[in-house]
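Summary of structural features
Listed here are the chains, written in short residue letters.
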Amino acid sequence: MIVLLSLMQFTVVLDFMVLNPLGEILLHDFTTQQFGFVVAAYPFSACISAIVAAGFADKFDRKKMLMLFYTGFILGTYFCALANDYPTLLAARIVTGLFGGVISSIGMAIIVDLFRPETRGRVMGYTQMALALSQILGVPIGWELAIRFNWHFPFWMIAAFGTLLGAAIGYYMQPITGHLGKNTEKNAFRHLSSTVKNPRYRLAFLTTVLIATGGYMLMPFGNAFSQHNMGIAKHDVTLLFMASGLANLIASPLIGRLSDKAGRANVFYAASTVTLIMVIIYTNRGLTPFYLAMLINVVMMVAVFARIIPMQATMTSLPTLQDRGSFMSVNAAVQQLSGGIAAVAASRIVHSTETGYLEHYPVLGYVIAVALTVTMIMMYFLNRQVMAEAAAVKQQPEPGKMAAAS
């Protein structure tokens, strides 16, 4: 199950991450604002579908929900491969986001259904290896295909692999229906409304608003910044992606285990602090030797995604069984909406000159630094809430002991 979910996550992450290297090519054909909207189209449409899916997420077999949205995601990726101008690519990204944006939340609900709380950190670590795999294999291969042929080829690659993986998931994955017996809400929209209004979840949703800020602001322009601001050669960018991916591949399972042992909040604080420092250093770089650029990228990327593992493990401890799918979908909607706003904001801040040089890039670093600081404060209160609720559950007497005492 972990292998299937990780490979599925690999295709979804790669579909989004591939816009990083393709940005260098697309910025020649699109304006900075147009490219920003192409990036933002995915999270904005994903937000809409996640809100709609939230009401139904706990009403059906998780496998059926997964197959429905993954099929739509693959068809949307084929649409991206066939797009030949700005309007059609924008429409294709909207279609892909409508389906792809919900997949991670469904996968998260499956993990929570199948794995005990004390092991979820390491499971999250393994599934986050999909990101590393996309950097080691997917993004570099996609970049090489793009510069050797055209920017359509990476989408053909993702769609073809996703088609085979979808068939494997449909064949091997068993139905996941344990949550159905616990569901008490009959009306899907009432179920969605009760999840959104639940005071236990508000802080989690507010925290999620800022989690995606850094990735959505930095990612779309990373390739262009590396080449035109830091002076990295076009073919050396492939090595940057691979080095960062290899480091994350090694670090992800270790961080997952560490978050289970040392405390999720502690790992989150440490990773956020390192991320803040590295983002400021990275966004203020000019011409940089390749070895130093690689070191900065590796440390920053490992720190960025080291935050995600403990945060996801903490989030999964909040919802009840009957709200799990709905909570994950709403949380995904909030994350995608904030990510889309961040991508559009970044395209307004950054300006690409005729030579490709990106102006005002350091401003992104300062904005992200503020978001990281606020997120650490919010994580402190969120972790305290989770710990208090866990302690309250442990203090409750078991039904058998209550009966014996009476």
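Residues numbered from 1 in each chain as written. Predicted model: local features only at pLDDT ≥ 70, side-chain atom pairs only at ≥ 80, totals over all residues. Heavy atoms only, no water.

1. Section: the overall build of the protein chain
Within the protein chain, the secondary structure is distributed over 17 helices and 2 strands. The buried share of the protein chain, taken over its 406 residues, is 56%. Once local pairs closer than 6 in sequence are excluded, the contacts in the protein chain between residues at least 24 apart make up 86%. Here the protein chain has roughly 16,800 Å² of accessible surface; of this, 69% comes from carbon and sulfur atoms. (Helix = DSSP H or I, 4+ residues; strand = E, 2+ residues; numbered from the N terminus. Buried < 20%, exposed > 50% of the residue type's maximum accessible area, 1.4 Å probe, protein only. Contact = heavy atoms within 4.5 Å. Areas by Shrake-Rupley, 256 points an atom, 1.4 Å probe, with all protein chains shown as cover.)

2. Regarding helix H5 (residues 86–114)
In this model H5 runs 42 Å from its N-terminal to its C-terminal C-alpha over 29 residues, within 8% of the 42 Å that 1.5 Å per residue would give. The largest bend along H5 reaches roughly 35° and is located at Gly97. (Expected span 1.5 Å × (residues − 1). Bend = angle between axes of the 7 residues up to and from the residue.)

3. Observations regarding the packing of aromatic side chains
According to the stated counting rule, one finds 13 aromatic pairs in the structure shown. On the numbers, 4.1 Å between centres and 15° between planes, the contact of Phe225 with Tyr361 is stacked. Taken together, the positions of Phe225 in helix H11 (residues 222–228) and Tyr361 in helix H16 (residues 361–395) put the pair 136 residues apart, joining distant regions of the chain. Among the residues examined, Phe225 registers a relative accessible area of 0% and is labelled buried. Each member of the aromatic cluster is reached from another via a ring pair, and the members are Phe225, Tyr282 and Tyr361. (Phe/Tyr/Trp six-rings, centres within 6.5 Å; stacked < 30°, edge-to-face > 60°.)

4. A few points about unusual backbone geometry
Phi at His360 is positive, roughly 65°, even though this residue is not glycine. Within the fold, His360 resides in the loop between strand E2 (358–359) and H16.

5. Regarding the confidence of the model for the protein chain
On average, the protein chain scores 79 in pLDDT, and the residues at 70 or more come to 83%. Taking the mean pLDDT of every element in the protein chain, the minimum, 49, falls on helix H17 (residues 399–405) and the maximum, 90, on helix H13 (residues 264–283). (pLDDT = per-residue confidence, 0-100.)

6. Quick word on helix H1 (residues 2–17)
Look at H1: 21 Å from first C-alpha to last across 16 residues, which is about the 22 Å you get at 1.5 Å a residue. A large share of H1 lies buried, amounting to 13 of its 16 residues.

7. Quick word on a nonpolar patch on the surface
A contiguous nonpolar patch, built from Ile48, Val52, Ile94 and Leu98 and spanning about 320 Å² of accessible area, is present on the exposed surface. When contributions to the nonpolar patch are tallied by element, the ones reaching two or more residues are helix H3 (32–54) and H5. On the secondary structure map, Val52 appears in helix H3. Relative accessible area serves as the criterion here: at 47%, Val52 is assigned to the partly exposed category. (Patch = residues over 30% accessible without salt bridge, like charges linked within 9 Å, V, L, I, M, F, W, Y side chains within 5 Å. Salt bridge = Lys/Arg side-chain N within 4 Å of Asp/Glu carboxyl O.)

8. Side note on the packing of helix H4 (residues 62–82) against helix H7 (residues 153–172)
Their axes nearest at 9 Å, the elements H4 and H7 cross at an angle of 160°. Looking at the two axes, H4 sits roughly antiparallel to H7. Note that H4 runs across H7; the crossing there is left-handed. From H4, Lys63, Leu66, Met67, Tyr70, Ile74, Thr77, Tyr78, Cys80, Ala81 and Leu82 reach across to H7, where they touch Phe155, Trp156, Ile158, Ala159, Ala160, Gly162, Thr163, Leu165, Gly166, Ile169 and Gly170. Residues of the contact of H4 with H7, tallied by class, amount to 15 nonpolar, 5 polar and 1 charged. (Axes fitted to C-alpha atoms, helices over the stretch in contact; angles between N-to-C directions. Parallel < 35°, antiparallel > 145°, perpendicular 65-115°, else oblique. Left-handed = near helix turned anticlockwise from the far one by under 90°. Nonpolar A, V, L, I, M, F, W, Y, C, P; charged D, E, K, R; others polar.)

9. Structural notes on the nonpolar core
With 60 residues, the main nonpolar core has Leu22, Leu26, Trp151, Phe155, Tyr282 and Tyr361 as its most contacted residues. Top element by residues in this core is helix H14 (residues 290–315). It accounts for 6 residues. Counting residues in hydrophobic clusters, the runner-up holds 25 residues, among them Tyr42, Ile103, Met173 and Ala332. (Core = buried A, V, L, I, M, F, W, Y, C linked by side-chain atoms within 4.5 Å.)

10. Brief notes about the environment of His28
One can find His28 in helix H2 (residues 19–29). In sequence terms His28 and Ser352 are 324 residues apart; their C-alpha atoms lie 9.9 Å from each other.

11. Re the side chain of Arg307
Examined against the element boundaries, Arg307 turns out to sit in helix H14. Those residues in contact with Arg307, other than ones at most four positions away along the chain, are Ile211, Phe268, Ala271, Ser272, Thr275, Leu372 and Thr375.

12. Here's the deal with the environment of Asp29
As for its placement among the helices and strands, Asp29 is situated in helix H2. The class of Asp29 is exposed, set by a relative accessible area of 54%. Separated by 56 residues in sequence, Asp29 and Asp85 place their C-alpha atoms 8.7 Å apart.

13. Remarks on the environment of Ala270
Topologically, Ala270 is positioned in helix H13. Sequence-wise, Ala270 and Ala303 are 33 residues apart; in three dimensions their C-alpha atoms are separated by 8.5 Å.

14. Observations regarding the pattern of salt bridges
One pass over the structure, following the stated rule, counts 1 salt bridge. Notably, a salt bridge pairs Asp15 with Arg93, separated by 3.0 Å at the nearest N-O pair. One end of the pair, Asp15, is in helix H1; the other, Arg93, is in helix H5, with 78 residues separating them in the sequence. Summarising the burial analysis for this pair, Asp15 and Arg93 share the class buried.

15. Observations regarding the packing of helix H9 (residues 199–211) against H14
The N-to-C vectors of H9 and H14 enclose an angle of 160°; their axes lie 12 Å apart at closest approach. The angle between H9 and H14 falls in the class roughly antiparallel. For the crossing formed where H9 meets H14, the hand is left-handed. Residues Ala204, Thr207, Thr208 and Ile211 of H9 touch H14, and the partners they reach there are Arg307, Met311 and Met315. Within the contact of H9 with H14, the residues separate by chemical class into 4 nonpolar, 2 polar and 1 charged.

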